[in-house]
Amino acid sequence: AEGFAAVLKRHRSIAEIVQDYAKTLVKVIKDERPLLSDLSSSMKIDSDRLICAMPQDTRLKLSLPALRAVQAQAAGNAKQLKAFRELEKEVHEGKCYLTSNGHGSVLRVVNLITLRLERWDGKFCVEVGKWSLKEGVVQQTRAQLPGSKMRAGELAMQALRRLTGEDLSVLNPQVDGGAAVEVSEAASDSYGVTTRYVKTNFTATTSAPAAKDTCVVPTGAEGFEVFQDIELWDTHGDFLDNDKASVFAWVTDAEFQHLAHSDMKGRRFMFMKEI
């Protein structure tokens, strides 16, 4: 302990990281509200969750060694240097942080939340596109549950409150109990590194009536018959100062699977308000 204290006295930046780690650990414990008599068995705290919730300047300090390694590996290769610049920008913006895996390779870590929001008839809410106010069209995205990347310094519940307080505020979601955490890894070709996705999945219900901005795809919209019997709605009415608004749909599990695996991503269509 004395040797560790001596290191902290000599290296201010390390001392600041340790201090932020300790503060964030307390923050996570308070958010979990465990039985304080036995923290080790009632909580599942991992470094990914802790680092995500740490201040951005501390996350950046922890990411810099890995970022320098990626830069060194990309030296002299124009394509790899471009990928490094994009990764560097994302790290500095707090959208991810870098660490290493058990084999010494650089690992990009992204923390996300998702929400499965169900209504009275069992259908649930999914995002299916973005409406451009300027162009007056919807650009379809692959159907997915409403969600968000967690920001630096944010706990999962804070990110959830941000999500439900913005696009989904009209539905007044009532969150059910706890959350399930999924961890997966996949190669990120655009960055040249492996990415670990730490996804916290919440569930909620709503008793709110149908959204006031219900939309329908005009009958005969060629190629978009998949939407003809699906109820769509958007957030345009609440975000007039933004050019883009999310477009959501109420779907069954079968409809979600069909939309999620459709090959229509990026296609555009128009819709009109239901009267």
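In what follows, the structure referred to is the one given above.
Here we summarise the structure given alongside this text. (Residues numbered from 1 in each chain as written. Predicted model: local features only at pLDDT ≥ 70, side-chain atom pairs only at ≥ 80, totals over all residues. Heavy atoms only, no water.)

Observations concerning the overall build of the protein
Step number 1: Looking only at helices and strands, one finds 8 helices and 13 strands in the protein.
Step number 2: Burial statistics for the protein: of 275 residues in total, 39% are counted as buried.
Step number 3: Contacts spanning at least 24 positions in sequence make up 65% of the contacts within the protein whose residues lie at least 6 apart.
Step number 4: For the protein, the accessible area works out to roughly 15700 Å², and carbon and sulfur atoms hold 53% of it. (Helix = DSSP H or I, 4+ residues; strand = E, 2+ residues; numbered from the N terminus. Buried < 20%, exposed > 50% of the residue type's maximum accessible area, 1.4 Å probe, protein only. Contact = heavy atoms within 4.5 Å. Areas by Shrake-Rupley, 256 points an atom, 1.4 Å probe, with all protein chains shown as cover.)

Some thoughts on helix α5 (residues 56-74)
Step number 1: Between its terminal C-alpha atoms α5 stretches 25 Å, which fits the 27 Å expected from 19 residues at 1.5 Å a residue.
Step number 2: For α5, the principal kink sits at Leu64 and spans about 40 degrees; a proline, Pro65, occurs within the next four residues.
Step number 3: Along α5, the positions that sit buried rather than exposed are Thr58, Arg59, Leu60, Ser63, Ala66, Leu67, Val70 and Ala74.
Step number 4: Just beyond α5, the residue with positive phi is Gly76, at close to 85 degrees. (Expected span 1.5 Å × (residues − 1). Bend = angle between axes of the 7 residues up to and from the residue.)

Focus: the nonpolar core
Step number 1: Counting 22 residues, the largest nonpolar core has Ile113, Leu115, Leu117, Cys125, Met150, Leu168 and Phe202 as its most contacted members.
Step number 2: Of all elements in the fold, only α4 (47-52), β2 (106-118), α7 (156-165), β8 (193-205) and β11 (244-251) reach the threshold of two or more residues within this core.
Step number 3: The dominant element in this core, judged by the number of residues it contributes, is β2, at 5 residues.
Step number 4: In this structure, Leu117 is in contact with Lys123, Phe124, Cys125, Leu171, Pro173, Ala204, Thr205, Thr206 and Trp250, ignoring residues within four places of it in sequence. (Core = buried A, V, L, I, M, F, W, Y, C linked by side-chain atoms within 4.5 Å.)

A closer look at the packing of α5 against helix α6 (residues 78-92)
A pair of packed helices can be characterised by two numbers: the angle between their axes and the separation between those axes.
Step number 1: The interhelical angle for the contact between α5 and α6, taken along N-to-C directions, is 175 degrees, at an axis separation of 10 Å. With respect to α6, the element α5 is oriented roughly antiparallel. When α5 is examined against α6, the residues Gln56, Leu60, Ser63, Leu67, Val70, Gln71, Gln73 and Ala74 are found in contact with a partner set consisting of Gln80, Leu81, Phe84, Arg85, Leu87, Glu88, Val91 and His92.
Step number 2: The residue makeup of the contact of α5 with α6, split by class, is 8 nonpolar, 6 polar and 2 charged. (Axes fitted to C-alpha atoms, helices over the stretch in contact; angles between N-to-C directions. Parallel < 35°, antiparallel > 145°, perpendicular 65-115°, else oblique. Nonpolar A, V, L, I, M, F, W, Y, C, P; charged D, E, K, R; others polar.)

Considerations on helix α8 (residues 253-260)
Step number 1: Looking at α8, one finds that the buried residues are Phe256, Leu259 and Ala260. Down the axis of α8, the buried set is contained in an arc of 95 degrees. They therefore lie on one face. Away from its buried face by more than 90 degrees, α8 exposes Ala254 and His258. (Arc of directions from axis to C-beta.)

Examining the pattern of salt bridges
Step number 1: Inspection of the entire model under this criterion finds 12 salt bridges.
Step number 2: Across the salt bridge formed by Asp253 and Arg116, the nearest N and O atoms sit 3.3 Å from each other. Note that Asp253 is positioned in helix α8 and Arg116 in strand β2, a separation of 137 residues in sequence.
Step number 3: What makes Asp253 partly exposed here is its relative accessible area of 44%.
Step number 4: One salt bridge connects Arg162 with Glu154, and the closest N-O pair in it is separated by 2.9 Å. Taken individually, Arg162 and Glu154 each receive the classification buried, so the pair is uniform in this respect.
Step number 5: Each of the salt bridges in this network shares a partner with another, and the network as a whole consists of Asp48, Glu185 and Arg196. (Salt bridge = Lys/Arg side-chain N within 4 Å of Asp/Glu carboxyl O.)

Observations concerning the pairing of β8
Step number 1: The pairing of β2 with β8 spans 12 bridges and is classified as parallel. Along β8, the bridge assignment pairs Glu118 with Thr205.
Step number 2: Alignment of strand β6 (residues 174-175) against β8, held across 2 bridges, turns out to be antiparallel. Bridge assignment links Val175 to a residue of β8, and that residue is Ala204.
Step number 3: Hairpin connection between strand β7 (residues 180-188) and β8: a loop of 4 residues separates the two successive antiparallel strands, and Gly192 in this loop has a positive phi of roughly 75 degrees. (Pairing = 2+ DSSP bridges.)

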